[in-house]
Amino acid sequence: MLDKFAFGTYRTTFQSPSHKEALEYALNNGIRHIDTSSNYMHGQAEELIGQVLKKRDRKEFTIVSKGGYIQGENLKRVQDGFKVEDLVFYDEHCLHSIHPNFLSDQIDRSLDRLNTDYINVYLLHNPEYYLMKEIKQGMIASAISNFQSIMQDRIKKAFVLLEEKVKEGKIKAYGISSNSFSKKETDIHFLEYKNLIDYAKEIAGEKHHLKVIQLPMNIFELDGEKCAKWAYENGLEVHINRPLNSFKGNQMIRLASYDKPQDYEKTLKELRDIPNEALQEVINQIINIEDEYRWAGDVDDIIEYQVLPYIVKNVNLDSKYYEIVNNFIEKYKNRIKQKISEKTAKELFIPEPMDKSAINFLKEKEYITRILVGMRKEKYVKKVIEYAIS
């Protein structure tokens, strides 16, 4: 069953030794599929893959990447005058396009970062951003069909380009990754999928290279099951993302269990002995918000993208204390996540460990080809391997 799992690289970067160790461990222990995207950490996830695969036999591994988002470096290029057609301005931090010229540029850039001659599968990444932008701006219900038609035309144009890239040898196959595949057909955000194979056949005949559909699915989000079964019945691979992060109502929950950190109080005392007032003020602040986190993902977002960068930039910390601070931060995060996960499991009656329950729920479904799990740490990889083969 291990072949059914892929190493998800969302929020991974070549700058993190632990991310590199996790990917190395996964590849050394039977994981052969890697899922990434041009916008994951603004391309640094692809660079991580390129570095790790450099000394390995490329033919042994499958790389799935995606394009469409305009953030980070791409956003700066657009701001500096780089012309992108069919540009979708969702907000000031997120633009989007699946125009053939932009996708061609993105494929070449991904190949450079991945340090490879080809990408096994290239996916249009959430093309529904065009619809989302219009909905956000107040599209009326009577206009939905017109905008859906424009969206479909853009997808078809993209398929033409992707078939050309197959002929050039830059990609082996293509598909779409869409959150809107997991919506009800009556939902305003729904993206029609039943005509995709017809587009591919019209462009390239029966030997077309449309091969993959990717969408979110988990214990609580099952509206995408209809799309997944349609894809399976029509010979497409079905890749499932977000198996452990689920929306339940309007709340995001993490379907994973965490162990209580050992020696937390001892580690906190060691931290308190560090003679640095600025650091101690930061620690006071994060301890004071222990009960304010809504779900496990908030812990990583706040600590990794706010607290740690603030410490690096504003706290003049002697390097001899780095290990103590890092040790505490890791235990602090696990402490909060363990409290949240224990509460979630009890409230929703999910057998623990929750991640095992969530993975088992998906792995037995024959219509699911691949389950994409974020594995930023070696211990996460070990868990997935254990659950996959048990």
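Look up: the structure comes first, before these words.
Each value, and the rule that gives it
- Residues numbered from 1 in each chain as written.
- Predicted model: local features only at pLDDT ≥ 70, side-chain atom pairs only at ≥ 80, totals over all residues.
- Heavy atoms only, no water.
- Helix = DSSP H or I, 4+ residues; strand = E, 2+ residues; numbered from the N terminus.
- Pairing = 2+ DSSP bridges.
- Axes fitted to C-alpha atoms, helices over the stretch in contact; angles between N-to-C directions.
- Contact = heavy atoms within 4.5 Å.
- Salt bridge = Lys/Arg side-chain N within 4 Å of Asp/Glu carboxyl O.
- Buried < 20%, exposed > 50% of the residue type's maximum accessible area, 1.4 Å probe, protein only.
- Arc of directions from axis to C-beta.
- Phe/Tyr/Trp six-rings, centres within 6.5 Å; stacked < 30°, edge-to-face > 60°.
- Lys NZ or Arg CZ within 6 Å of the ring centre and 35° of its normal.

Caption draft 1: Region of the structure containing the environment of P17. Position of P17 relative to the elements: it lies in helix α1 (residues 17–28). C-alpha of P17 to C-alpha of P243: the two residues are 226 residues apart in sequence and 25 Å apart in space.

Caption draft 2: Representation of the sheet that holds strand β10 (residues 237–241) within the structure. Taken in spatial order, the eight strands line up as β1-β2-β3-β7-β8-β9-β10-β13 and close into a barrel, and their pairing is parallel. When strand polarity is set aside, the average angle formed by the axes of neighbouring strands in this sheet is 30°. Across four bridges, strand β3 (residues 62–67) lies against strand β7 (residues 119–125) in parallel orientation. Note on β7: the bridge partner recorded for G67 is L124. Taken strand by strand, helix α7 (residues 196–204) contacts β8 (171–177) and β9 (210–216), and its axis lies near 155° from that of β9.

Caption draft 3: Seen up close, the pattern of salt bridges. Enumeration according to the criterion identifies 36 salt bridges in this entry. A salt bridge links R370 to D3; the nearest nitrogen and oxygen atoms lie 3.8 Å apart. Of the two residues, R370 is situated in strand β13 (residues 370–374) and D3 in the segment before β1 (5–8); the sequence distance between them amounts to 367 residues. Given the relative accessible area of 6%, R370 is considered buried. Two residues, K157 and D86, come together in a salt bridge whose shortest N-O distance is 3.2 Å.

Caption draft 4: Local environment of α7. Among the residues making up α7, those that are buried are L196, I197, Y199 and A200. All buried residues of α7 fall inside an arc of 155° around its axis, so they share one side. Buried residues belonging to α7 abut α6 (144–168), β8, β9 and α8 (225–233). Count one or two residues on from α7 and you reach G205, which has phi positive near 75°.

Caption draft 5: Focus on the sheet that holds strand β4 (residues 69–70). Strands sit in the order β4-β6-β5 across an open sheet of three strands; the sheet is antiparallel. The open sheet has two edge strands, β4 and β5 (88–91), and neither has a second partner. As paired elements, β5 and strand β6 (residues 94–96) share three bridges and run antiparallel to each other. In the sheet register, V88 faces β6, and the bridge partner there is H96.

Caption draft 6: Expanded view of the packing of aromatic side chains. Scanning the entire structure with this criterion turns up 11 aromatic pairs. Note on Y293 and Y332: the rings are 6.4 Å apart at their centroids and 70° apart in plane angle, and the pair reads as edge-to-face. Here Y332 lies in helix α12 (residues 322–348) and Y293 lies in the loop between α10 (277–288) and α11 (296–314), a separation of 39 residues in the sequence. Taking relative accessible area as the criterion, Y293 reaches 8% and is therefore assigned buried. A centroid spacing of 5.9 Å and a plane angle of 35° characterise the contact between F328 and Y332, whose relative ring orientation is tilted. Separated by four residues within a single helix, F328 and Y332 lie in helix α12, roughly one turn from each other. By relative accessible area, which is 0% here, F328 ends up buried. Grouped by ring-pair contacts, the aromatic residues F181, F190, Y193 and W230 constitute a single cluster. The positively charged end of R77 is found above the aromatic ring belonging to F82, 3.9 Å away from the centroid.

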